[in-house]
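Okay, here's what each chain looks like letter by letter:
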Amino acid sequence: MEDLMQRLERAVTRMEEISVTMQASSNMLNGNCVNGVDGGQSVEVFDMLLKGPLSDYLNCSRAIGSEVEKHAEMVNEALQTQRTFLQMASMHQEPAQTELQDLLKPISDHIQEIQNFRERNRGSVLFNHLSAVSESIPALGWVAVSQKPGPYVKEMNDAATFYTNRVLKDYKETDRRHVDWVHSYLSIWTEMQSFIKQHHTTGLVWNKTGPIAPASLLDSSSPPRAPCPPPPPPPPPPPVFTDDDSKPQTGSANTQHSALCQLNQGTRITKGLKHVSDEQKTHKNPNLRSQASPVKSKDPQPVSAPKAAAQKRLPLLELEGKKWRVENFEQKHDLVIEETELKQVVYVFGCNNSTLQVKGKINSIIVDNCKKLGLVFENAVGIVEIINSRSIQLQVLGVVPTISINKTEGCQVYLSKAALSCDIVSAKSSEMNILVPAGEDDYREFPVPEQFKTVWDGSKLVTEPTEIAG
């Protein structure tokens, strides 16, 4: 009986070896190299994005020219760098977090360069084009998103549509080139979402069996990869059982038999273990922990300083052409613009914990990327717009036709009696309150709805505010 068990064990071992060999052969015949050298299918799909939507976007940008064309070339360089990163990931194992940050730095530098270009050209007539790209280009950072990179790219794409809608509004009836530009640019991120969903649904897929990723993305540039090696010859057929198999075997057979005998002991197998008392257990005896020798660690590495934030910019309040620029003020509560004209606009950017008063009649006012800002103005003939800001207080002393609040958390709007008929448009914002006069120095506060209910009435969708249940 014992000889029969040994023969069965050897037979099972041979069948397992044959199965593994045949599976490896099948993988190679299907073009899937086990070591990942031929794992460039996702890179080929990414190339289709570069040859399709990106190429169309570059052509449309060249047709417009000026800053838009220069911006598009920067986007092209950024996407080419990301292709190099994806190709490197398909051939290497994921490195440690510190090395990964170094590998991502070229992509991060491209993003920063594209955004800085927008900041340097705020006076451009194509500023909405530049803003659409600048607000959405962080989508390239999906390679560092571990859970749901696809929705992250969609969120960045939505940020672009805020500005592309402005482009469509300005040029839809006058210049078709800009309309084509919008469609070509947005299609890049739409295709990027499809690419991620197909190949990197839950995060960037690294090669699990290749070498560790290089320290720098530039080091990953290598000569053309060799094709997969030819499949090995098929394994020989399993030997037929003969009477020789009944002969006692030495070596591994005796070892396997010994292991089986030990396993068959059941609970008696633990009788040979040495009992350890509580006094000898480190987690129950604090004295042992204090006597334990410290574990030697690697040489301390100098702590790298966190990436410096954008260099602090100097405060600015000046008239540039027909635009009043109010930028980068901190803790300044006496900002005043007095000499205004009907054709002038006010652009407030990056001001924190400050107060600005605008006297006279102005064309329009834009508040962008500000925190804890108080704005008081008399009259505006166009729109007053709050974008990407937090904790804003806005007071109208005269009249204004439209107030727009976008991507803002916390906005208090004090209306005058003359401004009660103004339109208030909000999107992607929260904690908005409108205060209307209720006497000489008193106001009544009304919250702007943030939650809505949409129903189908048989012919169209009907949307109305709804209260939060609770």
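Just so you know, these numbers come straight off a predicted model, no measurement behind them.

What counts, and at which threshold
Residues numbered from 1 in each chain as written. Predicted model: local features only at pLDDT ≥ 70, side-chain atom pairs only at ≥ 80, totals over all residues. Heavy atoms only, no water. Helix = DSSP H or I, 4+ residues; strand = E, 2+ residues; numbered from the N terminus. Buried < 20%, exposed > 50% of the residue type's maximum accessible area, 1.4 Å probe, protein only. Contact = heavy atoms within 4.5 Å. Areas by Shrake-Rupley, 256 points an atom, 1.4 Å probe, with all protein chains shown as cover. Pairing = 2+ DSSP bridges. Axes fitted to C-alpha atoms, helices over the stretch in contact; angles between N-to-C directions. Core = buried A, V, L, I, M, F, W, Y, C linked by side-chain atoms within 4.5 Å. 1 Å grid on protein atoms, 1.4 Å probe; cavity = no way out; pocket = protein on both sides within 12 Å on 5 of 7 lines; lining within 4 Å. Points joined across faces, edges and corners; volume = space filled by probe spheres on them. Polar contact = N/O pair within 3.5 Å; in protein donor to acceptor, adjacent residues only side chain to side chain. pLDDT = per-residue confidence, 0-100. Expected span 1.5 Å × (residues − 1). Bend = angle between axes of the 7 residues up to and from the residue.

Draft legend 1. Broad picture of the overall build of the chain. When helices and strands are tallied, the chain shows nine helices and 16 strands. Evaluated residue by residue, the chain yields a buried proportion of 37% over its 470 residues. Sequence-distant contacts, at least 24 apart, represent 41% of the contacts inside the chain between residues at least 6 apart. A total of about 28,800 Å² of accessible surface is found on the chain, and carbon and sulfur atoms cover 54% of it.

Draft legend 2. Layout of the sheet that holds strand E12 (residues 423-427). Pairing is mixed in the open sheet, where seven strands are placed in the order E1-E2-E4-E6-E8-E10-E12. Whereas interior strands pair on both sides, the edge strands pair on one side only; in this sheet they are strand E1 (316-320) and E12. Adjacent strand axes in the sheet meet at a mean angle of 10°, parallel and antiparallel pairs treated alike. Examined bridge by bridge, strand E6 (residues 364-368) and strand E8 (residues 383-387) share four bridges and lie parallel to one another. What sits directly across from Ile366, in E8, is Glu385. Along the sheet, helix H6 (residues 149-171) makes contact with E8 and strand E10 (402-406), crossing E8 at roughly 155°.

Draft legend 3. Inspection of the nonpolar core at higher detail. Counting residues in hydrophobic clusters, the biggest one holds 54 residues, and the most contacted among them are Tyr57, Phe85 and Met192. With 10 residues, the single largest contributor to this core is helix H3 (residues 66-91). In terms of nonpolar packing, the next biggest core, distinct from the first, is built from 35 residues, Leu335, Val358, Cys370 and Val396 among them.

Draft legend 4. View of the environment of Leu103. Mapping Leu103 onto the fold places it in helix H4 (residues 97-120). Through-space distance from the C-alpha of Leu103 to that of Phe85 is 7.8 Å; in sequence the pair is 18 residues apart.

Draft legend 5. Structural view of the layout of surface pockets. Of the volumes computed, that of the second largest pocket is approximately 830 Å³. In terms of lining residues, the second largest pocket is bounded by 31 residues, among which Asn128, Arg166, Asp170, Ile366 and Glu385 are the most central. The biggest single contributor to the lining of the second largest pocket is H6, with seven residues.

Draft legend 6. A look at the side chain of Gln82. The residue Gln82 is located in helix H3 in this model. Judged by relative accessible area, which is 0%, Gln82 ranks as buried. A distance of 2.7 Å separates a polar atom in the side chain of Gln82 from the backbone oxygen of Leu140. Here the side chain of Gln82 touches Trp142 through a polar contact of 3.0 Å, side chain to side chain. When neighbours within four sequence positions are excluded, Gln82 is seen to be in contact with Phe46, Ile107, Leu140, Trp142, Val143 and Met192.

Draft legend 7. Looking closely at the pairing of E1. Pairing analysis gives five bridges linking E1 to strand E2 (residues 323-327), with the strands arranged antiparallel. Along E2, the bridge assignment pairs Leu317 with Val326. Linkage of E1 to E2, two consecutive antiparallel strands, is achieved through a turn of two residues, within which Gly321 is found at a positive phi near 70°.

Draft legend 8. Structural view of the confidence of the model for the chain. For the chain, per-residue confidence averages 78 on the pLDDT scale, and residues scoring 70 or more make up 72% of the total. Predicted confidence is poor over residues 23-39, with pLDDT under 50, and the contacts of this stretch with residues over four places away or in other chains come to 25 contacts. Here residues 240-250 is modelled with pLDDT under 50, and outside its nearest four sequence neighbours on either side it reaches 12 contacts, counting other chains as well.

Draft legend 9. Broad picture of H6. Over its 23 residues, H6 runs 33 Å from end to end, which matches the ideal 33 Å to within 8%, given 1.5 Å per residue. Bending of H6 peaks at approximately 30° at the position of Phe162. Here H6 has its buried residues at Pro149, Gly150, Val153, Met156, Asn157, Ala159, Ala160, Phe162, Tyr163, Thr164, Val167 and Tyr171. Tucked into the core, H6 has its buried residues touching helix H5 (127-136), helix H7 (176-199), E8 and E10.

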